Each structure stands twice: as structure tokens, then as C-alpha cells.
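Here is what each chain is made of, one letter per residue.
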Amino acid sequence: MKKLFLVGAVALFGAMNAQTKFGVKAGYTNSQFSSDEGMEFEDVKMDKKGKSGFFVGGFVEHMFSEKFALQGELTYAALGGKYEGKINDSGYYATLVTDFKVNQIIIPISAKYYVIPNLAIYGGPNVGFTVSNEFEAKFKDSNLPSEAISEANSYLSEYNSEASKEFDKSLQKTTFGIQLGAEYNVYKGLLVDARYNIGLTDLDKGSESNTKMHYFQIGLGYKF
């Protein structure tokens, strides 16, 4: 009986192990802030731009059948928002860039459906824990004398330090979202993954502007 139980336990562990796979992934992110209000900085009207970043992390996938699986992940992502504004005066011009950096550890949980053995679509909720926030403003693309641009950016550098502290205080440290994406197994364990995350949390604690963060990510992974 003991031998039978041992054989059964080993067989069960082997089956569970075959249904559960681990992996790693990394890639590119492009994030934006979405707000009910327009953005201005020192009376300069700012236009929303995508902020480039990266992500890296690991995941575990458990197959319930040939078609359905559940996947959990732990990733670090460099996210945020970016704005640019044009300044024109007396024939001189410059571009003012404001960069809001939000670095997070994100835990997504996804239900996966395998359309074919190599292609899966998925979706589910995620929670993000902010590790650090930073604000940076600077001038670029200007026909002003280089000395004038250097002086202006030097002033902004001093301003950025205090603005970063205020930015960090104003933002929620825990965020929630929903991801929708697809995964394609290229060769053996090598895969390509792409998704879009819809932010649900109003980031600004002290404002009624209802600012949320959305982002797209694409990357490569390997499933062991």
C-alpha cells in the first residue's frame, strides 16, 4: 500500500509539473498619462507624447487543459508620461519637454486561451506598486544661443529636484489596471508577447483631474 501511495504521489507531482511552466521576459514599453484636463507648464501649452521605457520580469503558467491556462507575473517597468510644448518669441524658438517617471513593480494575473497551440490571447487584472517617481523638465531643439539654453536648463535642474518631491507626494503608490494581450510561441520556448494596459486608478491624490496611466508593451520571453 505504501509503495502504491508513493507511486501515485510521484505520478501526480509529475503531472502537475508538466502542466506548470516558468519563464522570463523583457522588452519595450510606451506609456501615457490620460487626463480630463489639458497640461500647461509655466504658461506653455503642452501636448501629450508617449514615454519610452522598458520592462523585465518572470512568470508562471499553469495549464488546466489544452486550451485554457492561468498566468501570474512579477515585473519591473519604467513607465510614466511625457509632454512637449513649443515656445516662439521674436524669431527664437525652443521645445520644452516635461518627463514624468513612474517606476513600478507590477503583478498581473491573466486568464489565457490558446487559439492554436502556438498562439494565446489573454486578459486580466493587475496591481502596481510604485518604487519611485521623478519629474524632469528641460529645453531642446532651439535656435537660441547655446549659453542661453544651458542657463535655462541649469535653472530647470534646480527646479526639478523640488518638483520631483512634490510629484512623488501627489501620486498614488498603488495602482490597478486591466491588461489585454497576445502571446506567440516562435520556436520551442522562445515567445513574443504584446499587450495593452488600461489604467483604472486616478494617480493624482490631490486633484480632480482624473489622471490615469495607460501603456503598451512588447517583448521577448522564454518559457522553460
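In what follows, the structure referred to is the one given above.
Residues numbered from 1 in each chain as written. Predicted model: local features only at pLDDT ≥ 70, side-chain atom pairs only at ≥ 80, totals over all residues. Heavy atoms only, no water.

Visitor: What should I look at first to understand the side chain of Q71 in this one?
Guide: Note on placement: Q71 falls in strand 5 (residues 68–89). On the accessibility criterion, Q71 (2% relative accessible area) is buried. Leaving out residues up to four positions away in the same chain, Q71 has contacts with K25, F59, V60, E61, P108, I109, S110, K112 and E183. (Helix = DSSP H or I, 4+ residues; strand = E, 2+ residues; numbered from the N terminus. Buried < 20%, exposed > 50% of the residue type's maximum accessible area, 1.4 Å probe, protein only. Contact = heavy atoms within 4.5 Å.)

Visitor: When you look at the nonpolar core in this model, what are you seeing that I'm missing?
Guide: Here is a general trend for soluble globular proteins: nonpolar side chains tend to be buried in one another's company. Among the nonpolar cores identified, the biggest contains 24 residues, and F33, F41, L96, F135 and F167 are the most heavily contacted of them. For this core, the secondary structure elements donating two or more residues are strand 3 (44–49), strand 5, strand 6 (92–116), strand 7 (119–140), helix 2 (146–170) and strand 10 (212–223). Per element, the largest residue contribution to this core is five residues, and it comes from strand 6. Other than its neighbours up to four places away in sequence, L96 contacts F41, V44, M46, Y83, E84, G85, I87, K138, F139 and L156. (Core = buried A, V, L, I, M, F, W, Y, C linked by side-chain atoms within 4.5 Å.)

Visitor: Help me understand the layout of surface pockets in this model?
Guide: Here the idea is plain: a probe the size of a water molecule rolls over the atoms and shows the empty space left. Computed from the structure, the largest pocket encloses a volume of approximately 540 Å³. Sorting the residues of the lining of the largest pocket by element identifies strand 1 (20–34), strand 2 (39–41) and helix 2 as the ones contributing at least two each. In terms of residue count, the dominant contributor to the lining of the largest pocket is helix 2 (five residues). In the lining of the largest pocket, the residues fall into eleven nonpolar, seven polar and five charged. Space inside the second largest pocket adds up to approximately 380 Å³. Every residue lining the second largest pocket is counted, 22 residues in all, and those nearest its centre are K21, E61, M63, Y114 and P117. Those elements that provide at least two residues to the lining of the second largest pocket are helix 1 (2–19), strand 4 (51–63), strand 6, strand 7 and strand 8 (174–187). (1 Å grid on protein atoms, 1.4 Å probe; cavity = no way out; pocket = protein on both sides within 12 Å on 5 of 7 lines; lining within 4 Å. Points joined across faces, edges and corners; volume = space filled by probe spheres on them. Nonpolar A, V, L, I, M, F, W, Y, C, P; charged D, E, K, R; others polar.)

Visitor: How should I be thinking about the pairing of strand 1 in this particular structure?
Guide: Regular strands place side chains that alternate from one sheet face to the opposite one. In this sheet, strand 4 lies alongside strand 1 in antiparallel orientation, the contact comprising twelve bridges. In the sheet register, G23 faces strand 4, and the bridge partner there is F59. Sheet analysis places strand 1 next to strand 10, joined by twelve bridges and oriented antiparallel. Bridge pairing links G27 to G219 in strand 10. (Pairing = 2+ DSSP bridges.)

Visitor: How should I be thinking about the side chain of T75 in this particular structure?
Guide: Among the secondary structure elements, T75 is positioned in strand 5. With near-sequence residues (within four places) excluded, T75 lies in contact with V56, G57, Q104, I105 and I106.

Visitor: Would you mind showing me how to read the packing of aromatic side chains here?
Guide: What characterises a pair of aromatic rings is the spacing of the ring centres plus the angle enclosed by the ring planes. Summed over the entire model, instances satisfying the criterion amount to eight aromatic pairs. Look at Y83 and F100: their rings are 6.0 Å apart centre to centre, the planes differ by 85°, and that puts the pair in the edge-to-face class. One end of the pair, Y83, is in strand 5; the other, F100, is in strand 6, with 17 residues separating them in the sequence. For the residue pair Y83 and F100, the accessibility class agrees, reading buried in each case. Measuring from centroid to centroid gives 6.3 Å for F135 and Y159, while their planes differ by 75°, and the two rings are edge-to-face. Note that F135 is positioned in strand 7 and Y159 in helix 2, a separation of 24 residues in sequence. On the basis of relative accessible area, Y159 is assigned to the partly exposed category, the value being 31%. Through a chain of ring-to-ring contacts, the aromatic side chains of F33, Y83, F100, F135, Y159 and F167 assemble into a single cluster. (Phe/Tyr/Trp six-rings, centres within 6.5 Å; stacked < 30°, edge-to-face > 60°.)

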